[in-house]
Amino acid sequence: MTDQGQPAWRAKQVMDWLYLKRVDSFEEMSNLPKTLRNQLADSFELHPLKVITIQKSQDGTVKFLFGLTDGHAIETVIMRHQYGISVCVTTQVGCRIGCTFCASTLGGLKRNLTAGEIVAQVVMAQKHLDSTNERVRSVVVMGSGEPFENYDATMHFIRIINDSSGLHIGQRHITVSTSGVVPNIYRFADENWQVGLAISLHAPNQDLRSSLMPINRRYPLAELLDACWYYLEKTGRRLTFEYALIGGKNDQDEHAHELGKLLQGMNCLVNLIPVNYVPERNYTRTPRKQIFKFKRILESYQVNTTIRREHGHDIDAACGQLRAKHSQLIQT
Ligand code: SF4
């Protein structure tokens, strides 16, 4: 507002219109002078996202494919849990990290999203929920992209959605997930926030992790764990480790024992995720019985473990699937 030659207090009015009243145009911001409304409309894009498709699952999961102003497409998901509604946001168009079980990385990285484009995903999700008087309770930064490769925009996004004049989502209700960009784990720990951190681990040793996640060659497992210990000591928060179970690859008893030994004594939670089938990769699902055995073995090392409930099994739920289909359609 100061840049626009306005008193700073006008910012609060604009935030009210954007995040509380969630209007569709600057024109509707009726307590702003007409000249300012025109000025804002000339300088800013109020709608950085256009809905391309919405898929609804029987379990209440809603998946959006949004078009950006430059023609790229991204995905955002609303999930319903017992504790409330969460939204999973995307931070990059595509991803360059190259995890072998992930569809989002197949076309590489196209570009980083701006903080505004990330915030807009939550606003659009909330607008969708307004019709049923529901509210976004938590946000997970776990969609396509590596948030710590788009660090500044991700932090800016968190500040906006957490702000009491913004969407006012509590820090403890926000979780960021990284594949292990070690320097930014230290940076994130030093932000001194109560925002949760999840690490995509997926393997209990250096060689196996490198074969599944090329980033492990750049930031080896031992360095990643050092950064995790730093985060735990600095924040006093519990850390989550995501572990995608891939049939025959990383889901055997020996892997569970190795993982148990690795994480024993850490204030952490392991979240086991039976992999979604990605047609481009030939990964099979872990049998149900083995998923439970894997959990029991980890618990024998006093490592807290949960099995992620699947959302939207009847729609394109794995991140990147809907976008990949969309770009195939455009190319053919
Ligand atoms: S899992 Fe995440 S970090 Fe890995 S390739 Fe997919 S989007 Fe990128």
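Note that residues are indexed from 1 along each chain, following the sequence as it is written. Local features in this predicted model are restricted to residues of pLDDT 70 or higher, and side-chain atom pairs are both shown and tallied only at a pLDDT of 80 or more, whereas totals for entire chains, interfaces and linings draw on every residue.

**Student:** Lay out the overall build of the chain in plain terms, naming residues and giving numbers.
**Tutor:** Secondary structure assignment for the chain yields 11 helices and 12 strands. Computed over the C-alpha atoms, the radius of gyration of the chain is 21 Å, within 12% of the 20 Å expected from 2.2 N^0.38 for a compact globule of 332 residues. C-alpha atoms of the chain, sized along the principal axes, occupy 70 × 50 × 35 Å. Our exposure labels follow a C-beta count within 10 Å of each residue's own C-beta, placed from the backbone: buried means 20 or more other C-beta atoms, exposed means 12 or fewer, and partly exposed covers the counts in between. Classification of the 332 residues of the chain by burial places 39% in the buried group. To qualify as a helix, a DSSP run of H or I must reach at least 4 residues; to qualify as a strand, a run of E must reach at least 2; elements of each kind are numbered from the N terminus. The size measure is the radius of gyration over C-alpha atoms, and the globule rule it meets is 2.2 Å times the number of residues to the 0.38 power.

**Student:** I'd like a description of the domain arrangement of the chain, backed by residues and values.
**Tutor:** Along its sequence, the chain is organised into domain 1 (1–46) and domain 2 (48–331). Computed over C-alpha atoms only, the centres of domain 1 and domain 2 are separated by 33 Å. By the convention adopted here, residues make contact when the C-beta atoms placed from their backbones lie within 7 Å. Tallying the contact residues gives 5 residues for domain 1 and 9 residues for domain 2. Across the side of domain 1 that touches domain 2, the residue classes tally to 2 nonpolar, no polar and 3 charged. An automatic or database domain assignment supplies the residue ranges for each domain. Three classes are used: nonpolar for Ala, Val, Leu, Ile, Met, Phe, Trp, Tyr, Cys and Pro, charged for Asp, Glu, Lys and Arg, and polar for all others, with Gly counted as polar.

**Student:** Got a sec to walk through the nonpolar core? Specific residues and values, please.
**Tutor:** Each nonpolar core comprises buried Ala, Val, Leu, Ile, Met, Phe, Trp, Tyr and Cys residues, the members being joined through C-beta atoms within 7 Å. Among the nonpolar cores identified, the biggest contains 74 residues, and Val119, Val122, Val139 and Ile161 are the most heavily contacted of them. In terms of residues, this core owes the most to one element, helix α3 (residues 115–130), which gives 8 residues. Non-local contacts of valine 139, meaning those with residues more than four positions away in its chain, are made with Ser86, Val87, Val89, Val122, Ile161, Ile169, His173 and Ile174. Val14, Leu18, Phe26 and Met29 belong to the second largest nonpolar core, which has 5 residues in total.

**Student:** Run through the site of the ligand, naming residues and quoting values.
**Tutor:** Neighbouring the ligand are Cys95, Ile97, Gly98, Cys99, Cys102, Ser104, Thr105, Ser144, Gly145, Glu146, Ser179 and Ser200. Here the residues of the shell around the ligand are counted per class, giving 4 nonpolar, 7 polar and 1 charged. Using the backbone to place each C-beta atom, any residue with that atom within 6 Å of a molecule or strand is considered near it.

**Student:** How would you sum up the UniProt feature "binding site: S-adenosyl-L-methionine" (unreviewed entry) in the chain? Please name residues and give values.
**Tutor:** UniProt positions are given in the numbering used here, feature names are shortened, and annotations may be inferred rather than shown by experiment. UniProt annotation of "binding site: S-adenosyl-L-methionine" (unreviewed entry) refers to Gly145, Glu146, Ser177, Ser200, Leu201, His202 and Asn276 when read in the numbering used here. Tracing the backbone shows serine 177 in strand β8 (residues 174–178). Ignoring any residue separated from it by four or fewer positions in sequence, one finds serine 177 in contact with Val140, Val141, Met142, Ala198, Ser200 and Glu242. With respect to the secondary-structure elements, histidine 202 resides in the loop between β9 (196–200) and α6 (206–212). Owing to 26 C-beta atoms within 10 Å, histidine 202 belongs among the buried residues under this scheme. Other than its neighbours up to four places away in sequence, histidine 202 contacts Arg209, Leu212, Met213, Tyr243, Ala244 and Asn250.

**Student:** Please give an account of helix α4 (residues 151–162) that cites residues and values.
**Tutor:** The span one expects for a helix is its residue count, reduced by one, times 1.5 Å. In this model α4 runs 16 Å from its N-terminal to its C-terminal C-alpha over 12 residues, within 8% of the 16 Å that 1.5 Å per residue would give. Buried residues of α4: Thr154, Met155, Phe157, Ile158, Ile160 and Ile161, and no others. Check the buried side of α4 and you find it contacts α3, β7 (136–141) and β8.

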